[in-house]
Structures are given as C-alpha cells and as structure tokens.
Amino acid sequence: MSSLEPTSPHSRRVSSHSTTILSVRHKGVVAIGGDGQATYGNTVLKADIRKIRWILDRKVLIGFAGSTADAFALLERFEARAKDFPGNIVRAATELARDWRTDRALRRLEAMIIVVNADVSLLITGNGDVLQPADGIVGIGSGGSYAISAARALVGHSSLSATEIVRESLKIAASLDIYTNDNILVEEIPCGK
C-alpha cells in the first residue's frame, strides 16, 4: 500500500516513500519482513535499518513504515497497550488506533505498523483503522503494493514457505521501488491454528 486516502475530514493523505514491510500467513507460519533502507528525500541515509521488532517475550512481531521516530513512538505505545490487554492484540490494536485518532500528538505521526502473532495479522493506520487481511497477506510502505501482488502470486502458484514468499516478494518490490532495497530481514512465528 503506497498511500492512504483520507477517511474523515480530520485525516490527511499520507504518502509513503519509506520502505516496504510484508507479512504472509501460510502453511502454519506467519512471516514478516522488511527492507533496510532509510531515505531522506532522494538520498539513501542508511541501508541496514531493522524495521521488524519482537515484543512481549518474542510472542509478537511488529513491522513499521514511515518516519522512524514516529514508528518507534507507535511501537512503544502498542507495546504498552498490549501489556494492558495481555493475550489480546486485537483489543490492544483497537485501543492504539483509538488513541491515534483522538490524541493531538499521535495524530501528527506519519507511520503505519503491521502487528502479527501466532493467531492474527493486523494493519494499524493513523486514520484509526485496524484491518485484518482475509488472505493473511498484508503490506505497507512505498513498495507494499508490489510486495503484496508478488506474495499473492507466489502463495497461489508455488510451493514456497511463508518466509521464502516474503523474501522473494520483497526482492521483487526492491527491483521496482526506489525507496526499497534488497537488504531484507525476515522473522517468523509458528501459527497457533
């Protein structure tokens, strides 16, 4: 997903020229990966940023796209909410999205996050949305649409694992999107179902 359309008069268009994060739930595993490129305008500042983080004793993975400082602020807020609602990341995500819409400081943040655990994959946006993909594939950032398309094709027409699909899809996105590089990190969690 390369941009978000406003859903209310208070929201603004968020164009993402940031990175690519992709998660795929397939064959009993959920994998999430991201590239390592950090840019400022048209300049590459760093090529090996870690945009995937473990939280809650390695039970939850979060991937982020957008402003790095804003993404870390969201990650910290989500982790606090997840501790408020142990074992219920959907409730934690809903509470974070509510906070995001109502808190003046949070409303200015320019980032999106994907949150996964053994049971659920969620996309949390600054417009207050908490979305769960029907097909278990979700992507964000400037190369997100390319990565999602590649992942859907690979899930339907290959025997690759979730981790391999994420890695190959991110390579495809990197070949098309100038804000995505091929320094790819992928983490995985066995699914509960």
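Scroll up for the structure.
*Asks:* Would you mind going over the environment of Gly 139 with me for this structure?
*Replies:* Its location among the elements puts Gly 139 in strand β12 (residues 137-141). Each C-alpha atom of the pair Gly 139 and Ile 21 lies 5.5 Å from the other, and the pair is 118 residues apart in sequence.

*Asks:* Would you mind showing me how to read the pattern of salt bridges here?
*Replies:* Close approach of charged atoms allows side chains of opposite charge to pair. Inspection of every chain in the model, using the stated rule, returns 10 salt bridges. With a shortest N-O distance of 3.1 Å, Lys 46 and Asp 48 are connected by a salt bridge. Between Glu 95 and Arg 98 there is a salt bridge, and its shortest N-O distance comes to 2.8 Å. Taken together, the residues span about one helical turn, with Glu 95 and Arg 98 both in helix α2 (residues 89-102) at a distance of three residues. Judged by its relative accessible area of 12%, Glu 95 is buried. When its relative accessible area of 43% is taken as the criterion, Arg 98 is described as partly exposed.

*Asks:* Is there a simple way to think about the pairing of strand β3 (residues 20-26) in this case?
*Replies:* Of all seven residues that make up β3, six are buried, and the element is covered over most of its length. Direction of pairing for β3 relative to β12: antiparallel, over a ladder of five bridges. Residue Thr 20 lies in a different strand from β12, and its bridge partner there is Gly 141. Examined bridge by bridge, β3 and strand β4 (residues 29-34) share six bridges and lie antiparallel to one another. Its bridge partner lying in β4, Ile 21 is registered against Gly 34. Here β3 folds back onto β4 in antiparallel fashion, the turn holding two residues, of which Lys 27 has a positive phi close to 55°.

Each value, and the rule that gives it
Residues numbered from 1 in each chain as written. Predicted model: local features only at pLDDT ≥ 70, side-chain atom pairs only at ≥ 80, totals over all residues. Heavy atoms only, no water. Helix = DSSP H or I, 4+ residues; strand = E, 2+ residues; numbered from the N terminus. Salt bridge = Lys/Arg side-chain N within 4 Å of Asp/Glu carboxyl O. Buried < 20%, exposed > 50% of the residue type's maximum accessible area, 1.4 Å probe, protein only. Pairing = 2+ DSSP bridges.

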